[in-house]
Amino acid sequence: MNCLWCHDELLLEVNWSNVIFPTKAQLICGTCEKELVPLSGKRCKRCSRESHLDVCQDCLWWENYHHGEDIMEYNYSVFPYTTHIQDMIAKWKYRGDYELGHVFEQSFKQHFQQNFKKLRAAVAIPIPLSSERLQERCFNQASMLASFLPIQTLDILTRVHGEKQSKKTRMERISTKNPFILHQTLNNPVILVDDIYTTGTTLRHAASLLKKAGCPNVYTYTLVRG
Ligand SMILES: [Zn+2]
Ligand SMILES: [Zn+2]
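Residues numbered from 1 in each chain as written. Chains lettered and ligands numbered in written order. Predicted model: local features only at pLDDT ≥ 70, side-chain atom pairs only at ≥ 80, totals over all residues. Heavy atoms only, no water.

Caption draft 1: Molecular detail of the side chain of R137. Structurally, the position occupied by R137 is in helix α6 (residues 131-137). E136 provides the closest opposite charge to the buried, salt-bridge-free R137, at an N-O distance of 5.2 Å. Excluding anything up to four places from it in sequence, R137 contacts K93, Y94 and L129. (Helix = DSSP H or I, 4+ residues; strand = E, 2+ residues; numbered from the N terminus. Buried < 20%, exposed > 50% of the residue type's maximum accessible area, 1.4 Å probe, protein only. Lys, Arg positive; Asp, Glu negative; His and termini not counted. Salt bridge = Lys/Arg side-chain N within 4 Å of Asp/Glu carboxyl O. Contact = heavy atoms within 4.5 Å.)

Caption draft 2: View of the coordination of the zinc ion (ligand 1). Taken together, C3 (SG), C6 (SG), C29 (SG) and C32 (SG) make up the protein donors of the zinc ion (ligand 1), found 2.3 Å from the metal. Coordination at the zinc ion (ligand 1) comes from four donor atoms whose angles at the metal span 103 to 119°, giving a geometry best classed as tetrahedral. (Donors = N, O, S within 2.8 Å, 3.2 Å for Na, K, Ca; no water. Tetrahedral: all angles 85-135°; square planar, octahedral: opposite > 155°, others 65-115°.)

Caption draft 3: Representation of the environment of G200. Inspection of the secondary structure assignment puts G200 in the loop between β5 (190-197) and α9 (201-212). Look at G200 and you get buried, because its relative accessible area is 5%. When the C-alpha atoms of G200 and C47 are compared, they prove to be 8.1 Å apart, with 153 residues separating the residues in sequence.

Caption draft 4: Structural detail: the coordination of the zinc ion (ligand 2). Protein coordination of the zinc ion (ligand 2) is provided by C44 (SG), C47 (SG), C56 (SG) and C59 (SG), with donor distances spanning 2.3 Å. Around the zinc ion (ligand 2) sit four donor atoms; with metal-centred angles ranging over 103 to 116°, the donor geometry is tetrahedral. Mapped onto the polypeptide sequence, the residues donating to the zinc ion (ligand 2) form the spacing pattern C-x2-C-x8-C-x2-C. Of the two residues, C44 and C47, neither departs from the other in class, the shared state being buried.

Caption draft 5: Spatial organisation of the pairing of strand β6 (residues 218-225). Within β6, eight of the eight residues are buried, which leaves the element mostly enclosed by the surrounding structure. Pairing of strand β1 (residues 75-80) with β6 involves five bridges; the strand directions are parallel. If you follow P80 over to β6, its bridge partner there is R225. Each parallel crossover has a hand, and the one from β5 via α9 to β6 is right-handed. (Pairing = 2+ DSSP bridges. Right-handed = clockwise from strand over helix to strand, strands pointing away.)

Caption draft 6: Structural context of the nonpolar core. Core analysis: the largest hydrophobic core is formed by 38 residues, its most contacted members being F108, F116, I191, Y221 and L223. Of all the secondary-structure elements, those providing two or more residues to this core are β1, α4 (83-94), α5 (105-116), α7 (141-147), β5 and β6. Non-local contacts of L223, meaning those with residues more than four positions away in its chain, are made with S77, V78, F79, I89, W92, F104, F108, L145, D194 and D195. (Core = buried A, V, L, I, M, F, W, Y, C linked by side-chain atoms within 4.5 Å.)

Caption draft 7: Here's a closer look at the pattern of salt bridges. Applying the stated criterion across every chain, the model contains eight salt bridges. Of the charged contacts, one joins R204 and D70 as a salt bridge, the two residues approaching to 2.8 Å between their closest N and O atoms. Of the two residues, R204 is situated in helix α9 and D70 in the loop between α3 (57-65) and β1; the sequence distance between them amounts to 134 residues. Relative accessible area serves as the criterion here: at 8%, D70 is assigned to the buried category.

Here it is in structure tokens:
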């Protein structure tokens, strides 16, 4: 078998632990594995941005915008947005390499246990793609990430507008009509799942619908902090 990223041949290192407990097939080589370093230093406790502040300026801005209480409890992200991760995500999500997503599975599960375990009644809701985008890409990367988690996933959001938000300013993005429709009320805490947290605007659009529909707390869990 070859590394899913660099295509070098995978040489299984034989030691006592994997002779006695054969582990799940290795997907990437040791060199590529080493490039996947999770965020570790001090971070904003709300949005996972690397920051020496407890709560970063951006999150204070959101809190103020929502009249003193952010609608999102916190976002946890696993990886920083390095060039390596950027390239991997591009190949996985935009160039349809579904299998590559499994490279993130172990870390995504493990950090979930560490940061969301206490939320026993929580359900995962993946951020949907619009139907046009889904047709182009064949799969939703957020649904794949949600499928790695040990909790129930609900597909109760749909997306009615396009995803191209990047050229807009923050105020333009926020005042844009909410791109989501929610199909069900809900009394459980929710963990919104997506591949990347950039400005947090899209996730907050979804969070605001959920809160209005009765959801007590909304958290977001993302693979990468942009
Ligand atoms: Zn490799
Ligand atoms: Zn923050």
